[in-house]
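Residue strings, one per chain:
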Amino acid sequence: MDDLEGVVWPPEPIRTERLVLRVPEARDRATFIDLHASPEVHTYLGGARARDELERLVPEEPEGWPGNFVVELDGAMIGQVLLRRATGHQRPAADGKADLGYLFLPQAWGRGYATEACTAALDWLAGELPGEPVVLTTQSANLGSMRLAEKLGFVEVERFEAWDAEQWLGMRAPVR
């Protein structure tokens, strides 16, 4: 995966009805560690990473590359939305396209925050790179992500086996 070239970064914070999408800051470090150490968050992502390893590896100021948004609710980080270029993707239909990813703390699940945050990030991308198609890959067993993909307008391109599970690849047509 590569950064999105040609976008203005960092953008002004993106405000939705309930959330703020912004660049990572030093105050987010503990939440990044919580996200990546959570067995619940990583059920369909190959498993959680060891907290002590993350404490050593996560920089004091988390990386703020183009397309890396912190999702904030009432001043606290609840998740992350990622948009990156899918270079070297193992599926030809996805290679070179913008790729959407997201992680949210379990206590934020089921409240529509992921839909709201991903919609805002996709709208930002459409403004920055008009006509850019976006892909999303998730395990087909991850019913929450499958529902989110449908709400966001992703349509199945293919299913394939990887990481010992069936994967679903969807694409969202460019917004014009």
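The preceding data block contains the structure.
Predicted model only: the values in this text are computed from it and were never measured. (Residues numbered from 1 in each chain as written. Predicted model: local features only at pLDDT ≥ 70, side-chain atom pairs only at ≥ 80, totals over all residues. Heavy atoms only, no water.)

A.B. asks: What am I meant to see in the packing of aromatic side chains here?
C.D. replies: The geometry of an aromatic ring pair comes down to the distance between the two centres and the angle between the two planes. Scanning the entire structure with this criterion turns up three aromatic pairs. Each ring, one from Trp9 and one from Trp124, has its centre 5.6 Å from the other, and the planes form 75°; the classification is edge-to-face. Of this pair, Trp9 sits in the segment before β1 (14-15) while Trp124 sits in helix α3 (residues 113-128); the two residues are 115 residues apart in sequence, bridging distant segments of the chain. Each of the two residues, Trp9 as well as Trp124, counts as buried. Note on Phe69 and Trp124: the rings are 5.1 Å apart at their centroids and 85° apart in plane angle, and the pair reads as edge-to-face. In this pair, Phe69 is assigned in strand β3 (residues 68-73) and Trp124 in helix α3, connecting sequence segments 55 residues apart. By relative accessible area, which is 0% here, Phe69 ends up buried. An aromatic cluster is built from Trp9, Phe69 and Trp124, whose rings are joined through pairwise contacts. For Arg84, the ring lying beneath its charged end belongs to Trp65, and the centroid distance is 3.9 Å. (Phe/Tyr/Trp six-rings, centres within 6.5 Å; stacked < 30°, edge-to-face > 60°. Helix = DSSP H or I, 4+ residues; strand = E, 2+ residues; numbered from the N terminus. Buried < 20%, exposed > 50% of the residue type's maximum accessible area, 1.4 Å probe, protein only. Lys NZ or Arg CZ within 6 Å of the ring centre and 35° of its normal.)

A.B. asks: Help me understand the nonpolar core, please; the structure alone is not making it clear to me.
C.D. replies: When a protein is soluble and globular, its nonpolar side chains tend to lie buried together. Counting 34 residues, the largest nonpolar core has Val81, Leu83, Leu100, Trp124 and Phe154 as the members making the most contacts within it. Taken together, the elements giving at least two residues each to this core come down to β2 (19-22), β3, β4 (76-85), β5 (98-104), α3, β6 (134-139) and α4 (143-151). No other element matches α3, which puts eight residues into this core. Setting aside residues up to four positions removed in sequence, Phe154 forms contacts with Leu100, Leu122, Val134, Val135, Leu136, Ala149, Trp168, Gly170, Met171 and Arg172. (Core = buried A, V, L, I, M, F, W, Y, C linked by side-chain atoms within 4.5 Å. Contact = heavy atoms within 4.5 Å.)

A.B. asks: Could you clarify how one ought to interpret empty space enclosed by the protein in this entry?
C.D. replies: Empty pockets left among the atoms are what a rolling probe the size of a water molecule brings to light. Per the counting criterion, the structure on display carries one cavity of 30 Å³ or more. Leu122, Ala126, Glu132, Val134 and Arg172 are the residues nearest the centre of the largest cavity, which is lined by ten residues in total. With three residues, the top contributor of residues to the lining of the largest cavity is α3. Tallied by class, the residues present in the lining of the largest cavity amount to eight nonpolar, no polar and two charged. (1 Å grid on protein atoms, 1.4 Å probe; cavity = no way out; pocket = protein on both sides within 12 Å on 5 of 7 lines; lining within 4 Å. Points joined across faces, edges and corners; volume = space filled by probe spheres on them. Nonpolar A, V, L, I, M, F, W, Y, C, P; charged D, E, K, R; others polar.)

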